[in-house]
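If you want the building blocks of each chain, they are given just below.
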Amino acid sequence: MEYEYSYVVSDLTEYLNYIATNYSFQEKTFEQRDIYRNKNHTIARITHKKNKLFLDFKEDKLEKKDCIERKESKVIQIDSLENGEDILAFLGYSKDNSMKRVRSIYQGEGITFEVDEYEEPKQTYVISFEGKKEICDKVHKELESLNKKYKIEE
């Protein structure tokens, strides 16, 4: 089960200062992600990252809340886009959309931050973090003042 907070924000600067001061930088990578949907309220994702392809699944929950809990699978590496899409078609998934972004990962005890700078389908910034409920809830409170300044309500 995933326990995640996510905010669309107008500026990353102060968030990055907070995150870099308190958590360890892991990596920064360019990703292209293709989203596939089916009628069972789940999504499949094929992510192109570092010249490799990865497939995973999660519940298709889109809510307008800061925090969301949903089931998600482990990530598996696949050998080709054609094979991945063939498997997804067999399972009843069809391609919905694609996105391109630069993702920076930071980690701490019981929490992982993902800082996304989307290039497509539209330019936007997203701060998200997931992990242990009590730690994530505490961080959410700590970010309250930044969210009042920069969070975009969609």
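Fair warning: this is a prediction, and the values are worked out from it, not measured in the lab. (Residues numbered from 1 in each chain as written. Predicted model: local features only at pLDDT ≥ 70, side-chain atom pairs only at ≥ 80, totals over all residues. Heavy atoms only, no water.)

Novice: How should I be thinking about the nonpolar core in this particular structure?
Specialist: Nonpolar side chains in soluble globular proteins tend to end up buried together. Ile-19, Tyr-23, Phe-113, Ile-127, Phe-129, Val-139 and Leu-143 are the most contacted members of the largest nonpolar core, which has 21 residues in total. Within the residue set of this core, elements represented by two or more residues are β1 (2-9), α1 (13-22), β8 (111-120), β9 (124-131), α3 (133-142) and α4 (144-150). Looking at which element gives the most residues to this core, the answer is β1, with 4 residues. Once residues lying within four places of it in the same chain are set aside, the contact partners of Leu-143 are Tyr-7, Tyr-15, Tyr-18 and Phe-129. (Core = buried A, V, L, I, M, F, W, Y, C linked by side-chain atoms within 4.5 Å. Buried < 20%, exposed > 50% of the residue type's maximum accessible area, 1.4 Å probe, protein only. Helix = DSSP H or I, 4+ residues; strand = E, 2+ residues; numbered from the N terminus. Contact = heavy atoms within 4.5 Å.)

Novice: Help me out: how do you make sense of α1 in this one?
Specialist: Where α1 is concerned, the buried positions are Tyr-15, Tyr-18 and Ile-19. Seen end-on, α1 carries its buried residues on one side only, within an arc spanning 90°. (Arc of directions from axis to C-beta.)

Novice: Looking at this model, I keep getting lost on α3. Mind explaining?
Specialist: The periodicity of an α-helix, 3.6 residues per turn, causes residues three or four positions apart to be oriented the same way. Residues of α3 that are buried include every one of Cys-136, Val-139 and His-140, and no others. Viewed along the axis of α3, the buried residues span an arc of 105°, placing them on a single side of the element. Facing away from the buried side of α3 by over 90 degrees, the exposed positions are Glu-134, Lys-138 and Lys-141. Its buried side turned inward, α3 meets β1, α1, β8, β9 and α4.

Novice: Looking at this structure, I do not really get the layout of surface pockets. What am I missing?
Specialist: Think of a ball as big as a water molecule: rolled over the atoms, this probe shows where empty space is left. In this structure, the largest pocket occupies an estimated 1,600 Å³ of space. Residue assignment for the lining of the largest pocket shows that the elements contributing at least two residues are β1, β2 (24-37), β3 (42-49), β4 (52-59), β5 (67-70), β7 (94-108), β8 and β9. Considering only residue class, the lining of the largest pocket consists of 14 nonpolar, 7 polar and 29 charged. (1 Å grid on protein atoms, 1.4 Å probe; cavity = no way out; pocket = protein on both sides within 12 Å on 5 of 7 lines; lining within 4 Å. Points joined across faces, edges and corners; volume = space filled by probe spheres on them. Nonpolar A, V, L, I, M, F, W, Y, C, P; charged D, E, K, R; others polar.)

Novice: Got a minute to help me understand the pattern of salt bridges in this structure?
Specialist: Working definition: two side chains of opposite charge can pair if their charged atoms are close together. Throughout the structure, instances matching the rule amount to 21 salt bridges. With its nearest N and O atoms 2.7 Å apart, the salt bridge here joins Asp-137 to Lys-133. One end of the pair, Asp-137, and the other, Lys-133, are both in helix α3, 4 residues apart, so they sit about a helical turn from each other. Salt bridges linked by common partners bring Glu-27, Glu-31, Lys-49, Lys-50, Arg-101, Arg-103, Glu-114 and Asp-116 together as one network. (Salt bridge = Lys/Arg side-chain N within 4 Å of Asp/Glu carboxyl O.)

Novice: What's the story with the packing of aromatic side chains in this structure? I'm lost.
Specialist: The description of two aromatic rings rests on the distance between their centres and on the angle between their planes. This structure, assessed with the given rule, holds 9 aromatic pairs. Every member of this aromatic cluster is reached through a ring pair, and the members are Tyr-3, Tyr-5, Tyr-7, Tyr-18, Tyr-23, Phe-113 and Phe-129. (Phe/Tyr/Trp six-rings, centres within 6.5 Å; stacked < 30°, edge-to-face > 60°.)

Novice: What am I meant to see in the sheet that holds β7 here?
Specialist: Pairing within the open sheet is antiparallel, and its 9 strands lie in the order β5-β1-β9-β8-β7-β2-β3-β4-β6. The two strands at the open ends of the sheet, each matched to only one other strand, are β5 and β6 (76-78). On average, each strand axis in the sheet is tilted by 30° relative to the strand beside it, whichever way the strands run. Judged from the 8 bridges that link them, β8 and β9 form a sheet pairing that is antiparallel. When the bridges of β9 are listed, Phe-113 appears paired with Phe-129. Where α3 meets the sheet, its contacts fall on β1, β8 and β9, and the angle it forms with β1 comes to roughly 20°. (Pairing = 2+ DSSP bridges. Axes fitted to C-alpha atoms, helices over the stretch in contact; angles between N-to-C directions.)

Novice: Whenever I open this one, the environment of Asn-97 confuses me. Can you help?
Specialist: Mapped onto the elements, Asn-97 comes out in strand β7. Put simply, Asn-97 and Val-126 are 29 residues apart on the chain and 18 Å apart in space, counted from C-alpha to C-alpha. Apart from the residues lying within four places of it in its own chain, the contact partners of Asn-97 are Arg-33, Asp-34 and Ile-35.

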